[in-house]
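Commentary on secondary and tertiary structure
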Amino acid sequence: MEMKHGQYLNPGNGAFQLIANPDYVDKTMLIDKLNKKIGTDKCLVCISRPRRFGKSYAAKMLAAYYDISCDSRELFDNREIAKTKDYTKHLNQYNVICFDVTSFISVARRKRMLLSDIPNMIVDTLQKELVEVYSYLKPDMSLTECLLRCAEGTKDEPGRKFVFIIDEWDAMIREAKDDETAQEAYLNLLRGWFKNANFTPKTVAAAYMTGILPIKKDGSQSAISDFEEYTMIDPWEYSEYVGFTEEEVRRLCISHDTDYNLISRWYDGYVFPKIGAIYNPNSVMKAIRRGHFDSYWAQTSAAEGLLDYISKDYNGLTKTIAELIGGVDVKVNTTGFSNDLKTFRGKDDVLTLMIHLGYLAYNE
């Protein structure tokens, strides 16, 4: 039986087909890491990284791999993931809910809605798509009821758990930085999906969230504490998946006859143990394709927002910024940052935010 595609429910593999071209840098072993977490208490993963570091590429890849509504073998059979023992076990075996939070924010702003209305917009949209795709679901069912029913299945259709893929998960935290009501409504939606003993184990096979900021802290703890978090401060086992590695950049330079030393001087930034330098994918690919070196990443974000942070009156911040501009390495304590754009207790929190946003390189 051919299944319907939705916009957010089982969107198919078309988005990944568009980027799986000869220049695509194979990051499919990220899938293997998630496959190993399915069926465990570690199946909720949040990986944050700056703009233009491949967040959406990863989301499209994961959706294409897990989506039950399509056959993605031709897209993955010649990739690294195909060499793993669980490759076919999880390939196209799950319901997928995949969305970019910024798309809902854009609709809300166009309709002049309150940001606090966005969680209900997400719920209503997903519930409507589920009812359209699965005939045994009724319009008066809540989203929770629909998800549980799909995971349980019927006598005629086997149940399928869901893989949640949420791109720009932190957009609500960033866009509603002064609206605690909107932030709390959004976080409560995520808690209802991923921190609910009566729902999460029955319905969620895995969840992958990606954004710029780590999960907002509630006091000293993560506001959604069941997620394993990997950030640009400590990406740990996901270090090679938050950007291009040196080896990957060298291969690209060889195939495109580009000077690796110039690429390295321009675009290496973050440095992680065992992995070495990690490069900004957007900047590397633009420099290679255009044959011209420029600050491509800086063109993707507004400098005005940065001024709001570096102009704060914290002791020593102005001097530290001047040292950084002059190429001096400085130490920073990253442990106290609250993972939002409003709560700052000193210059270390400002510098930590700049690391997460991509304005500062970081070497552990």
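Calculation notes
- Residues numbered from 1 in each chain as written.
- Predicted model: local features only at pLDDT ≥ 70, side-chain atom pairs only at ≥ 80, totals over all residues.
- Heavy atoms only, no water.
- Buried < 20%, exposed > 50% of the residue type's maximum accessible area, 1.4 Å probe, protein only.
- Helix = DSSP H or I, 4+ residues; strand = E, 2+ residues; numbered from the N terminus.
- Arc of directions from axis to C-beta.
- Contact = heavy atoms within 4.5 Å.
- Core = buried A, V, L, I, M, F, W, Y, C linked by side-chain atoms within 4.5 Å.
- Phe/Tyr/Trp six-rings, centres within 6.5 Å; stacked < 30°, edge-to-face > 60°.
- Lys NZ or Arg CZ within 6 Å of the ring centre and 35° of its normal.
- Pairing = 2+ DSSP bridges.
- Polar contact = N/O pair within 3.5 Å; in protein donor to acceptor, adjacent residues only side chain to side chain.
- Axes fitted to C-alpha atoms, helices over the stretch in contact; angles between N-to-C directions.
- Parallel < 35°, antiparallel > 145°, perpendicular 65-115°, else oblique.
- Nonpolar A, V, L, I, M, F, W, Y, C, P; charged D, E, K, R; others polar.

**Structural notes on helix α12 (residues 246–255)**
Every α-helix carries 3.6 residues per turn, so stepping three or four residues along brings you back to the same face. Regarding α12, the residues found buried are Glu248, Val249, Leu252 and Cys253. For α12, the angular spread of buried residues about the axis comes to 135°, placing them on one side. For α12, exposure combined with an orientation more than 90 degrees from the buried face picks out Glu247, Ile254 and Ser255. Of the surrounding secondary structure, the elements contacted by the buried residues of α12 are β8 (244–245), α13 (260–267), β10 (276–279) and α14 (281–290). Taken from the residues just after α12, Asp257 is the one with a positive phi, measuring 50°.

**Details of the nonpolar core**
The biggest cluster of nonpolar side chains holds 111 residues, and the ones touching the most others in it are Phe76, Trp193 and Phe194. No other element matches the eight residues that helix α3 (residues 55–66) contributes to this core. Leaving out residues up to four positions away in the same chain, Phe76 has contacts with Phe16, Thr28, Ile31, Met61, Ala64, Tyr65, Ile81, Ala82, Tyr87 and Leu91. Core analysis: the second largest hydrophobic core is formed by 16 residues, Phe244, Cys253, Tyr267 and Met285 among them.

**Considerations on the packing of aromatic side chains**
Applying the stated criterion to the full structure yields 26 aromatic pairs. Where Phe53 meets Tyr270, the ring centres are 5.9 Å apart and the plane angle is 85°; that geometry is what we call edge-to-face. Of this pair, Phe53 sits in the loop between β1 (44–48) and α3 while Tyr270 sits in strand β9 (residues 268–272); the two residues are 217 residues apart in sequence, bridging distant segments of the chain. Accessibility assignment for this pair places Phe53 and Tyr270 in one class, buried. Aromatic side chains Tyr260 and Tyr279 sit 6.4 Å apart centroid to centroid with 50° between the ring planes, which places their arrangement in the tilted category. Residue Tyr260 is found in helix α13, and its partner Tyr279 is found in strand β10; the two are separated by 19 residues along the sequence. Like Tyr279, Tyr260 is buried. Taken together, the aromatic side chains of Tyr8, Phe99, Phe104, Phe162, Phe164, Trp193, Phe194 and Phe227 make up a single cluster linked through ring pairs. The cationic tip of Arg250 hangs over the ring face of Tyr260; the distance from NZ or CZ to the ring centre is 3.9 Å.

**What to know about the pairing of strand β3 (residues 162–167)**
When you tally the buried positions in β3, you get six out of six residues, the bulk of the element. Because side chains alternate across β3, one face comprises the buried residues Phe162, Phe164 and Ile166, and the other comprises Val163, Ile165 and Asp167, equally buried. The sheet contact formed by strand β2 (residues 95–100) and β3 spans six bridges and is parallel. Considered in β3, the bridge of Ile97 is made with Phe164.

**Regarding the side chain of Asn280**
Structurally, Asn280 can be placed in the loop between β10 and α14. A distance of 2.8 Å separates a polar atom in the side chain of Asn280 from the backbone oxygen of Arg52. Beyond its immediate chain neighbours, meaning those up to four positions away, Asn280 contacts Arg51, Arg52, Phe53, Tyr267 and Trp297.

**Considerations on the sheet that holds strand β4 (residues 204–211)**
Taken in spatial order, the five strands make up an open sheet running β2-β3-β4-β1-β7, and their pairing is parallel. At either margin of the open sheet sits one strand with a lone partner, and together these are β2 and β7 (228–230). Taking the axes of each pair of neighbouring strands and ignoring which way they run, one obtains an average angle of 10° across the sheet. For β1 and β4, the ladder comprises five bridges, and the chain directions are parallel. When the sheet's bridge partners are listed, Ser48 is paired in β4 with Gly211. Here helix α10 (residues 180–194) sits on the sheet and contacts β1, β2, β3 and β4; the angle it forms with β3, its principal contact strand, is near 155°.

**Describing the side chain of Ser283**
Following the sequence through the fold, Ser283 ends up in helix α14. Judged by relative accessible area, which is 2%, Ser283 ranks as buried. Polar contacts involving the side chain of Ser283 include one to the side chain of Asn280, which spans 2.6 Å. Ignoring anything within four residues of it in the chain, the contact list for Ser283 reads Tyr267, Tyr296 and Trp297.

**Remarks on the environment of Leu148**
Mapping Leu148 onto the fold places it in helix α8 (residues 143–152). The spatial distance from the C-alpha of Leu148 to the C-alpha of Val204 is 9.5 Å, given a sequence separation of 56 residues. When near neighbours in sequence (up to four residues on either side) are disregarded, Leu148 contacts Asn198, Phe199, Lys202 and Thr203.

**Focus on helix α16 (residues 317–325)**
Of the residues making up α16, those classed as buried are Leu317, Thr320 and Ile321. All buried residues of α16 fall inside an arc of 100° around its axis, so they share one side. Residues of α16 that are exposed and angled more than 90 degrees away from the buried face: Thr318 and Lys319.

**Quick look at the packing of helix α7 (residues 118–133) against α10**
Each pair of packed helices can be described by the angle between their axes along with the distance between the axes. It is the contact of α7 with α10, at a shortest axis distance of 8 Å, that shows an interaxial angle of 40°. Taken together, the axes of α7 and α10 are oblique relative to one another. Judged by residue contacts, Pro119, Ile122, Val123 and Leu126 of α7 engage Ala185, Tyr186, Leu189 and Trp193 from α10. Of the residues that constitute the contact of α7 with α10, the class distribution is eight nonpolar, no polar and no charged.

Coordinates in, geometry out; function isn't part of it.
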